[in-house]
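One letter stands for each residue in the lines below.
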Amino acid sequence: MSELRTDLQMVADWIHPGARVLDLGCGDGSLLAYLHAQRQVTGYGLEIDPDKIVSCIASGLNVLQTDLDEGLSDFEADSFDQVIMTQTLQAVRRPDKLLDEMLRVAEEGIVTFPNFAHWRLRYDHSVRGRMPRSEALSYRWYETPNIHLCTLRDFEELCHTMNIRLIQRQVMSHDLKRLRMAQWRPNLFGEVAMYRFRRAD
Amino acid sequence: MPESIPADSVGLVAPKCEHFDEPIELECGRQLASYDLVYEAYGELNADATNAVLVCHALSGTHHAAGYHDMTERKPGWWDNCIGPGKPIDTNRFFVVCCNNLGGCHGSTGPMSPNPETGEPYGPAFPMVTVRDWVVSQARLADRLGIQRWAAVVGGSLGGMQAMQWSTDYPDRLAHAVVIAGAPRLSAQNIAFNEVARQAIRSDPEFHGGNYLAANTVPRRGLMLARMLGHITYLSEEAMRAKFGRDLREGKDEYDFHYEVEFEVESYLRYQGKSFVNRFDANTYLLMTKALDYFDPAAPYGHDLAKALEPAQVPFLILSFTSDWRFAPSRSREIVRALLECKKDVCYAEIEADHGHDAFLMPIPQYLAVLGTYMQRVANEVGA
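What you see is a predicted model, and the numbers here were worked out from it, not measured in a lab.

### Points about the overall build of chain B
Part 1: Of regular secondary structure, chain B possesses ten helices and twelve strands.
Part 2: Whereas a compact globule of 384 residues would reach a radius of gyration of roughly 21 Å, chain B reaches 21 Å, a difference of no more than 12%.
Part 3: Along the three orthogonal principal directions, the C-alpha set of chain B runs to about 65 × 50 × 50 Å.
Part 4: The contacts of chain B with a sequence gap of at least 6 include a subset with a gap of at least 24, amounting to 72%.

### Some points on the overall build of chain A
Part 1: Helix and strand counts for chain A come out as eight helices and seven strands.
Part 2: Against the 2.2 N^0.38 benchmark of 17 Å for 201 residues, chain A shows a C-alpha radius of gyration of 17 Å, consistent with a compact globule.
Part 3: By principal-axis analysis of the C-alpha atoms, chain A measures approximately 45 × 40 × 30 Å.
Part 4: Look at the contacts in chain A between residues 6 or more apart in sequence, and 66% of them connect residues 24 or more apart.
Part 5: Working note: accessible area of chain A is about 10,100 Å², and carbon and sulfur atoms make up 47% of it.
Part 6: Positive and negative side-chain charges of chain A, numbering 24 and 29 respectively, have mean locations separated by a distance of 9 Å.

### Re a positive patch on the surface
Part 1: Residues Arg74, Lys75, Lys243 and Arg279 of chain B make up a contiguous surface patch of positive charge.
Part 2: According to the relative accessible area criterion, Arg279 of chain B is partly exposed, its value standing at 37%.

### A few points about the packing of helix 1 (residues 6–13) of chain A against helix 2 (residues 30–39) of chain A
Residues and elements named next belong to chain A.
Part 1: Where helix 1 meets helix 2, the axes come as close as 10 Å, and the angle between the chain directions of the two elements is 40 degrees. As judged from the angle between their axes, helix 1 and helix 2 are oblique. Here helix 1 and helix 2 pass one another in a crossing that is right-handed. In this structure, helix 1 contributes Leu8, Gln9, Val11, Ala12 and Asp13 to the contact, and helix 2 contributes Ser30, Leu31, Tyr34, Leu35 and Arg39.
Part 2: Residue composition of the contact of helix 1 with helix 2, by class: six nonpolar, two polar and two charged.

### Description of unusual backbone geometry
Residues and elements named next belong to chain B.
Part 1: The backbone of Ala49 sits at a positive phi, close to 55 degrees, despite the residue not being glycine.
Part 2: The phi dihedral of His208 falls on the positive side, at around 50 degrees, and the residue is not glycine.
Part 3: Looking at where His208 falls in the secondary structure, it is placed in the loop between helix 3 (188–202) and helix 4 (220–234).
Part 4: Note on His208: relative accessible area 41%, which makes it partly exposed.

### Quick word on the packing of aromatic side chains
Part 1: Inspection of every chain in the model, using the stated rule, returns 23 aromatic pairs over all chains.
Part 2: Relative to Phe280 of chain B, the ring of Phe276 of chain B has its centre 4.7 Å away and its plane inclined at 15 degrees; by these criteria the two rings are stacked.
Part 3: Judged by its relative accessible area of 0%, Phe276 of chain B falls in the buried class.
Part 4: Judged by relative accessible area, which is 7%, Phe280 of chain B ranks as buried.
Part 5: Here the aromatic rings of Phe321 of chain B and Tyr367 of chain B are separated by 5.0 Å at their centres, their planes lie at 85 degrees, and the arrangement is edge-to-face. Linking Phe321 of chain B in strand 11 (residues 316–321) with Tyr367 of chain B in helix 10 (residues 365–382), this pair joins segments that are 46 residues apart in sequence.
Part 6: Members of the aromatic cluster, connected to one another through ring pairs, are Phe113, Phe155, Tyr195 and Phe197 of chain A.

### Observations concerning the packing of helix 4 of chain B against helix 6 (residues 264–279) of chain B
All names here are of chain B.
Part 1: At a minimum axis separation of 8 Å, helix 4 and helix 6 run at an interaxial angle of 125 degrees. When the axes of helix 4 and helix 6 are compared, the pair comes out oblique. Here the hand of the crossing between helix 4 and helix 6 comes out right-handed. Seen from helix 4, the contacting residues are Arg220, Leu223, Met224, Arg227, Met228, His231 and Ile232; seen from helix 6, they are Tyr268, Leu269, Arg270, Gln272, Gly273, Lys274, Phe276, Val277, Asn278 and Arg279.

### A look at a nonpolar patch on the surface
Part 1: Together, Trp119, Tyr123 and Val127 of chain A make up a nonpolar patch on the protein surface, roughly 300 Å² of accessible area in all.
Part 2: With respect to the helices, strands and loops of the structure, Val127 of chain A is situated in the loop between helix 5 (119–126) and helix 6 (152–161).

### Looking at the pattern of salt bridges
Pairing between side chains of opposite charge can happen when their charged atoms approach one another.
Residue and element names in this part refer to chain A.
Part 1: Counted under the stated rule, the structure contains 23 salt bridges over all chains.
Part 2: Residue Asp100 is joined to Arg199 by a salt bridge in which the shortest nitrogen-to-oxygen separation is 3.0 Å. With Asp100 in helix 4 (residues 95–105) and Arg199 in strand 7 (residues 192–199), this pair connects stretches of sequence that are 99 residues apart.
Part 3: The class for Asp100 is partly exposed, based on a relative accessible area of 36%.
Part 4: Arg199 gets classed as partly exposed once you look at its relative accessible area, which sits at 31%.

### As for the side chain of Asp23 of chain A
All names here are of chain A.
Part 1: Tracing the backbone through its elements, the reader meets Asp23 in strand 1 (residues 20–24).
Part 2: Since its relative accessible area comes to 1%, Asp23 is described here as buried.
Part 3: Not counting the four nearest positions on each side in its chain, Asp23 is found in contact with Leu31, Leu32, Tyr44, Gly45, Leu46 and Ile84.

### Regarding the confidence of the model for chain B
Detailed reading of the predicted coordinates is not advisable wherever pLDDT falls low.
Part 1: Across chain B, the average pLDDT comes to 96, with 100% of residues at or above 70.
Part 2: For this predicted complex, the interface confidence reaches an ipTM of 0.93, while the overall pTM sits at 0.95.

### Side note on the interface of chain B and chain A
Part 1: Tallying the contact residues gives 20 residues for chain B and 20 residues for chain A.
Part 2: Across the chain B/chain A interface, buried area totals approximately 1,700 Å², and carbon plus sulfur atoms make up 50% of it.
Part 3: The interface formed by chain B and chain A holds two salt bridges in total.
Part 4: Salt-bridge contacts for Arg337 of chain B lead to Asp74 of chain A; the nearest nitrogen and oxygen are separated by 3.2 Å.
Part 5: Every element with two or more residues in the side of chain B that touches chain A is listed here: helix 9 (329–341), strand 12 (346–351) and helix 10 of chain B.
Part 6: The residue inventory of the side of chain B that touches chain A, partitioned by class, reads ten nonpolar, two polar and eight charged.

Conventions we followed
Each chain carries its own residue numbering, running from 1 in the direction its sequence is written. Each chain is given a letter, starting from A, and each ligand a number, starting from 1, according to the order in which they appear as written. Totals for whole chains, interfaces and linings use all residues, but because this is a predicted model, local features are given only for residues with pLDDT of at least 70 and pairs of side-chain atoms are given and counted only at 80 or more. Side-chain measures were taken over the full set of non-hydrogen atoms in the model, leaving aside hydrogen atoms and water. Here a strand is any run of E in DSSP of at least two residues, a helix any run of H or I of at least four, and the numbering for each starts at the N terminus. Our radius of gyration is a C-alpha quantity, and the globule rule it is checked against amounts to 2.2 Å times the number of residues to the power 0.38. Residues count as neighbours in contact if any of their non-hydrogen atoms are within 4.5 Å of one another. In these tables, accessible area is a Shrake-Rupley quantity obtained with a 1.4 Å probe, and a residue counts as shielded only by the protein chains included in the view. Charge assignment in this entry is limited to Lys and Arg as positive and Asp and Glu as negative, and neither His nor the chain termini are counted. To locate a charge, the coordinates of NZ of Lys, CZ of Arg, CG of Asp or CD of Glu are taken. What makes a patch is a set of residues exposed beyond 30% relative accessible area and free of salt bridges, joined within 9 Å when like-charged and within 5 Å when nonpolar (Val, Leu, Ile, Met, Phe, Trp, Tyr). Any carboxyl oxygen of Asp or Glu that lies within 4 Å of a side-chain nitrogen of Lys or Arg is treated as forming a salt bridge with it. Classification of residues uses two cut-offs on accessible area relative to the type maximum, computed with a 1.4 Å probe and protein chains only: under 20% is buried, over 50% is exposed, and between them is partly exposed. Where helices are involved, their axes are fitted lines through C-alpha atoms of the stretch in contact, as for all axes, and angles between N-to-C directions lie from 0 to 180°. Angle categories are assigned with fixed cut-offs, so that under 35 degrees is roughly parallel, over 145 is roughly antiparallel, 65 to 115 is roughly perpendicular, and the rest are oblique. Crossing handedness: left-handed means the near helix sits turned counterclockwise from the far one by under a right angle, and right-handed means the same turn made clockwise. Charged means Asp, Glu, Lys or Arg here, nonpolar means Ala, Val, Leu, Ile, Met, Phe, Trp, Tyr, Cys or Pro, and polar covers whatever is left, Gly included. Pairing of aromatic side chains here covers Phe, Tyr and the six-membered ring of Trp, requires ring centres within 6.5 Å, and sorts the geometry by plane angle: under 30 degrees stacked, over 60 edge-to-face, intermediate tilted. Each residue carries a pLDDT score, the predictor's confidence in it, ranging from 0 to 100. Joining two parts hides part of their accessible area as seen by a 1.4 Å probe, and the buried area is that hidden amount summed over both.

So, in structure tokens, the structure goes:
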């Protein structure tokens, strides 16, 4: 099996062995395939891109062609242990409603998203007067699918208002040196944010 | 007519026939004391008989799913786009079987066959057959062919319903179920269209209560109308617009103000209707539409489809087509949802296509890619 993308590797570390998992926007299925092989995880991937669906089928995964903007109504409440959404939150029409849906179908959610408060993006906008771009956010403004970008602070505030309890946070950078800085000031130096969360009791 | 057989065709094929003397108890309460099943097979059955795929046909389908009967045949079998060497259902790996269903009119015992009690054709005396009955008869054919377990049971439309029925009635006799452009049961609208088709046939003066063969005639007009109506439901509005628009025949651009064929679409429908009459029996058409109407596996389970599918042990591939309004994607999603509820393995793809319900017969690249990839996975699993 080929190397897993670094952020997916970190997500994989948060998955309980043998868990029943739903992966929203599962792409070519590499995370699910890895989890299935390494952690005996079962579950489904949801994807909208026809080519990626073929890749998932080739990998022997359960994949369902689904538009996440239409919600998760095909799934019963509490039918999964964990629900994962990597790098997709910022591209859905209503991230808040989807977070709610995630915690309806699963006990625990995991999301990753690009941090819009990363210092380089701040620099692009405030000093250069440009729409920010970075390695984690490479689209140009007119072609980007990312319609709801947010920062760590924004996400945490939303979770607070939605009565969602954050269990774990991890920030990533595209190299390890910056990663140490990112642990120190995550909202400034973290390029990609990762959260594990549950419904607050 | 093919000038030469294409390299990716199964080539020249010939139907075979199996005769069964063991009576079959039908769901309607009647029985057939003996019957024939005509089928075709493509590819080689491997030594362990693990690579067999059953293809189930739809309303007007036959056992002739792929290849050519002879060099004068105008078109290959009905699913030639999907069955053949290197095609999605790859005959280099699979042994593919397709039988004409009981009640059919292409060789298997049906209304045109002689009733052993009278020596005359059954006609309207042929018992009603259901999807469940077909699956029972197909299982007996599998026994006869030495196939204990199908690598996959695959079908589109009414064929998909048979694949679903297989998964619950013989859960250990298949490894995968592929349901294409299917539905868990007909809607009121679907039944309504079937009823109009049946009335068209039954109200034809040549119908003679179904005994038209004895009267040495056929209800051509009624069967033609039934097919014309059916055909409209197989196409999407986009497909009809693209194919005919409002074009007039023979390049005319002015109306003639009469009731003969003027628009291309009228000409096409009449052609479809007329050619259908030459290859299909009216009583079979009535039976097949009733089999569709009666299919409702969830009904005995308080209309809980998940409960009905609970006995299934196999992974499913469910496919739908965006412009299919006969069995729309939402109908396939009902099946998916039920499978999710009972935690079955399932893949679902909604293929972008403007051909309507007929899309399942078309060589649409994304469709072939999804089906082919899934079938490769099946082949790898069963050691085909």
